[in-house]
Amino acid sequence: MDRLIYTALSGATQTLERQAVVANNMANASTPGFRAQLSMFRAVPVNGDGLATRAITASTTPGADLSPGDMTETGRSLDVAIDGDGWLAVQAENGEEAYTRAGGLQMDSTGLLRSNGNVVLSEFGAPLVLPLGAEVTIAPDGTISALGAGDQPNAIAEIGRLKLVNPEADQIARGGDNLFHPRNNEDGTPGAPFAADDTVRVVSGAIESSNVNPTEAMVSMIENARRFEMQMKMISSIDENDQSANKLLSLT
């Protein structure tokens, strides 16, 4: 069998993986705060006997597109959008601190403040608990104040402050839970949580949309489909060549 078939097969396999990344981006085009995942191809030489005449294709996901999405006003007091660079700290399912730009906050039946189900953390890393039935306001620096039902305006009390961080782009990476986490250390251990950054600001009564461009995502899906079709045609041509070669050899 011609070894070229393995080259074409690797290209088809990696094209399918890239299509999965683009499809996930497309599916989250309307998810608030979502960051598009990037995908790239690279050629990897095949080591072995003989000349280096073959290479396989490998897809990589070097990171995420961290450009901001559009900001939409909602007028809802618990909605916040990060103004510029920065992240909102939440608690991941495994209990570790993680980060998101999804600012459509909700208060559950126990008063816990959540973002897409994840508990929102205070500047000290503790869960934020709000009084039930209170009127809540969030200041640009993330400070949360609450006014109990029936209380006078001067009875408003500060509840806590959102933990807002602003790490460098190369210090943060997307996890399998669609949250962002500190990059692992060189020895493979998890990175330490980031310190709160007092310079990060939020806009109350607004949410940030996904930064996925649906048109670009659709074009990428079409390109990947055509690229996959080309790879499959190459595999078919290689198979035909092998069959013709076998016929010629059988005549000798």
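As a reminder, the structure under discussion sits directly above these lines.
Everything numeric here is computed off the predicted structure, so don't read it as measured data.

A. The arrangement of the overall build of the protein chain in detail. Scanning the protein chain for helices and strands turns up two helices and 17 strands. Seen through its C-alpha atoms, the protein chain measures out along the principal axes to roughly 100 × 40 × 30 Å. Taken over 252 residues, the protein chain has a buried fraction of 36%. Here the contacts in the protein chain between residues at least 6 apart in sequence split such that 62% fall between residues at least 24 apart. Working note: accessible area of the protein chain is about 14500 Å², and carbon and sulfur atoms make up 52% of it. A distance of 9 Å separates the average location of the 17 positive side-chain charges in the protein chain from that of its 32 negative side-chain charges.

B. Geometry of the packing of aromatic side chains. With the rule as written, the count across this model stands at two aromatic pairs. Centre to centre, the rings of Trp-87 and Phe-180 are 4.7 Å apart; their planes meet at 40 degrees, and the pair counts as tilted. Here Trp-87, found in strand S5 (residues 87-91), pairs with Phe-180, found in strand S15 (residues 180-182); they are 93 residues apart in sequence, far enough to count as distant. On the accessibility criterion, Trp-87 (6% relative accessible area) is buried. Residue Phe-180 is classed as buried on the basis of its relative accessible area, which comes to 4%. On the basis of an interplanar angle of 40 degrees and a centroid distance of 5.4 Å, the ring pair of Tyr-99 and Phe-194 is categorised as tilted. Of this pair, Tyr-99 sits in strand S6 (residues 97-100) while Phe-194 sits in the loop between S15 and strand S16 (201-204); the two residues are 95 residues apart in sequence, bridging distant segments of the chain. For Tyr-99, a relative accessible area of 0% puts it in the buried group.

C. Quick peek at the pattern of salt bridges. Applying the stated criterion across every chain, the model contains eight salt bridges. In this structure, the salt-bridge partner of Arg-101 is Glu-208, at a minimum N-O distance of 2.9 Å. Of this pair, Arg-101 sits in the loop between S6 and strand S7 (105-107) while Glu-208 sits in strand S17 (residues 206-208), placing them 107 residues apart in sequence. Residue classification places Arg-101 among the buried residues on the basis of a relative accessible area of 5%. One connected set of salt bridges, linked through shared partners, spans Arg-35, Arg-101 and Glu-208.

D. The arrangement of unusual backbone geometry in detail. With a phi close to 55 degrees, Asn-116 is a non-glycine residue in the positive phi region. One can find Asn-116 in the loop between strand S8 (113-115) and strand S9 (118-120). Classification of Asn-116 as exposed rests on a relative accessible area of 63%.

E. Summary view of the sheet that holds strand S12 (residues 157-161). As summarised here, the arrangement of the three strands in space is S10-S11-S12, forming an open sheet in which the pairing is antiparallel. Strands with a single pairing partner mark the edges of an open sheet, and in this sheet they are strand S10 (135-138) and S12. Sheet twist, expressed as the average angle between the axes of neighbouring strands with direction ignored, equals 25 degrees. Taken together, the four bridges between S10 and strand S11 (residues 143-147) define a ladder with antiparallel strand orientation. Opposite Glu-135, over in S11, you have Leu-147 as the bridge partner.

F. Broad picture of the environment of Ser-237. By the element assignment, Ser-237 lies in helix H2 (residues 214-251). Remark: the alpha-carbon pair of Ser-237 and Met-107, spanning 130 residues in sequence, is separated by 60 Å.

G. Here's a closer look at helix H1 (residues 4-27). Here H1 spans 35 Å end to end across 24 residues, near enough to the 34 Å set by a 1.5 Å rise per residue. Restricting attention to buried positions, one finds in H1 the residues Ile-5, Thr-7, Ala-8, Ser-10, Gly-11, Ala-12, Gln-14, Thr-15, Gln-19, Val-21, Val-22 and Asn-25.

H. Seen up close, the nonpolar core. In terms of nonpolar packing, the biggest core is built from 22 residues, with Leu-105, Leu-113, Val-120, Ile-138, Ile-144 and Leu-162 touching the most fellow members. Elements represented by at least two residues in this core include exactly strand S4 (80-83), S5, S10 and S11. Apart from residues lying up to four places away in sequence, Ile-144 is in contact with Leu-113, Leu-128, Leu-130, Val-136, Thr-137, Ile-138, Ala-157, Glu-158, Ile-159, Gly-160, Arg-161 and Leu-162.

Quick notes on the rules
- Residues numbered from 1 in each chain as written.
- Predicted model: local features only at pLDDT ≥ 70, side-chain atom pairs only at ≥ 80, totals over all residues.
- Heavy atoms only, no water.
- Helix = DSSP H or I, 4+ residues; strand = E, 2+ residues; numbered from the N terminus.
- Buried < 20%, exposed > 50% of the residue type's maximum accessible area, 1.4 Å probe, protein only.
- Contact = heavy atoms within 4.5 Å.
- Areas by Shrake-Rupley, 256 points an atom, 1.4 Å probe, with all protein chains shown as cover.
- Lys, Arg positive; Asp, Glu negative; His and termini not counted.
- Charge placed at Lys NZ, Arg CZ, Asp CG, Glu CD.
- Phe/Tyr/Trp six-rings, centres within 6.5 Å; stacked < 30°, edge-to-face > 60°.
- Salt bridge = Lys/Arg side-chain N within 4 Å of Asp/Glu carboxyl O.
- Pairing = 2+ DSSP bridges.
- Axes fitted to C-alpha atoms, helices over the stretch in contact; angles between N-to-C directions.
- Expected span 1.5 Å × (residues − 1).
- Core = buried A, V, L, I, M, F, W, Y, C linked by side-chain atoms within 4.5 Å.

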